[in-house]
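Descriptive structure summary
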Amino acid sequence: MRTYILRRLGLAVLILLGASFVTFLLTRIIPSDPAMLWVGRFATPQQIEAARERLGLNHPWYVQYTRYIGGLFRGDLGVSVRTHKPVGRELLARLPASLELIAVGMAVGLIAGIVLGCLAAARPHSLFDQVTRFLSVGGVALPQFWFAMILQLIFGRILGILPLAGRMDLRLELSYPVHSVSGFYLIDALMSGNWVALQDVFLHLILPAATLAAYPIGMSARLVRAKMIEVLNEDYIRTARAFGVHDLRVFTRHALRNAIGPVVTLSAISLVYTLVGTFLVESIFAWPGIGSYTAQAILSNDVSVILGVTLLVASMTVVFNLAADLGLALLDPRIRLE
């Protein structure tokens, strides 16, 4: 397994280099001047030229890319031409908000999907099974931005029971501030006993997390249902029932244990989809994470930010897939990683 992990890590380095190279070239093709963005539209030619010298834009593109890669090995992701702040510092400041949203959305999606898939498999072709299959297709097929706006319309505008945007109400944030320790507001508010802030953070989290949970619910419910129906028709399941083993134990100890493997692989795919999908969801719900930060960078062609986010997403994708492969090997001893 050690050789397998080292080989995957070596492949990950090549993937990250390829992603950074392609993204770097694409940002150079777009007709924009980072130096102009750095100094502003009313700058003098001398100020623009000084900015080009400071940013290293007066060198050929391959020299710029080589310097960028050299900075990566020093932990330097460059400076944002829009905010004039280090990209690495801004990503670290916004990453906890995105991770909190993704973690809650994925946890809700996978748990709900597994439960729905098991219940649908217990009574195939029943009304509940038909409804579950319909909702599963909808969760996968419907665009996230449409689902997000529908949730805002129903629960925010019509019913008025959930906030439309933000991570926390501004007035409560001033009156009951959350002292950041982990960057996860739910954890920090719970650790400090700030119950007012905890309730408000939870309410703000419901709609964006539900939007992100739609896809993993649909995928995991369909997969678990199909796999559970297949496993429940195996001979050893019929033998267990013939010996009087309770149905709940047959489901949890025998059927679900053998059907859960593909869900581990699916979780990696869903995590990547959710990570990319959170960019648009954060923009809709004004969530202060890397999604909204990236959207602003793309609109202004902030090259350093775009490159930094690309490397972050690619790194997390590699880690998620490697973790899924290792988890699947631990769950199923028949799988050998070589």
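Refer to the structure printed above.
Cut-offs used in this document
- Residues numbered from 1 in each chain as written.
- Predicted model: local features only at pLDDT ≥ 70, side-chain atom pairs only at ≥ 80, totals over all residues.
- Heavy atoms only, no water.
- Helix = DSSP H or I, 4+ residues; strand = E, 2+ residues; numbered from the N terminus.
- Contact = heavy atoms within 4.5 Å.
- Expected span 1.5 Å × (residues − 1).
- Buried < 20%, exposed > 50% of the residue type's maximum accessible area, 1.4 Å probe, protein only.
- Arc of directions from axis to C-beta.
- Patch = residues over 30% accessible without salt bridge, like charges linked within 9 Å, V, L, I, M, F, W, Y side chains within 5 Å.
- Areas by Shrake-Rupley, 256 points an atom, 1.4 Å probe, with all protein chains shown as cover.
- Salt bridge = Lys/Arg side-chain N within 4 Å of Asp/Glu carboxyl O.

1. Brief notes about the side chain of T132
By secondary structure assignment, the location of T132 is in helix α6 (residues 127-141). Those residues in contact with T132 that sit more than four places away from it in its chain are L116, A120 and A221.

2. A word on helix α4 (residues 61-73)
Residue pairs spaced three or four apart in an α-helix point in one direction, given the helix's 3.6 residues per turn. Look at α4: 19 Å from first C-alpha to last across 13 residues, which is about the 18 Å you get at 1.5 Å a residue. Among the residues of α4, those classed as buried are Q64, Y65, Y68, I69 and G71. The arc enclosing the buried residues of α4, seen along the axis, measures out at 155°, which places them on a common side. Among the exposed residues of α4, those pointing more than 90 degrees away from its buried face are T66, R67 and F73.

3. Re a nonpolar patch on the surface
Taken together, the side chains of F21, V22, L26, I29, W61 and Y62 present a nonpolar region at the surface, about 620 Å² in accessible area. Within the residue set of the nonpolar patch, elements represented by two or more residues are α1 (2-29) and α4. Counting residues per element, the nonpolar patch draws most heavily on α1, at four residues. Tracing the backbone shows W61 in helix α4.

4. Observations regarding unusual backbone geometry
Despite not being glycine, H84 shows a phi value in the positive range, around 65°. Tracing the sequence through the fold places H84 in the loop between α4 and α5 (87-122). Even without being glycine, H125 reaches a positive phi, approximately 70°. Turning to its location among the elements, H125 is positioned in the loop between α5 and α6. Look at H125 and you get exposed, because its relative accessible area is 62%.

5. Here's the deal with the pattern of salt bridges
Taken as a whole and assessed by the stated rule, the structure comprises four salt bridges. One salt bridge in this structure joins R225 and D129, with 2.7 Å as the shortest N-O distance. Taken together, the residues span a long stretch of sequence, with R225 in helix α10 (residues 195-232) and D129 in helix α6 at a distance of 96 residues. Take R225 and D129: they sit in the same class, and that class is buried. A salt bridge links R171 to D169; the nearest nitrogen and oxygen atoms lie 3.5 Å apart. Residue classification places R171 among the exposed positions, given a relative accessible area of 65%.

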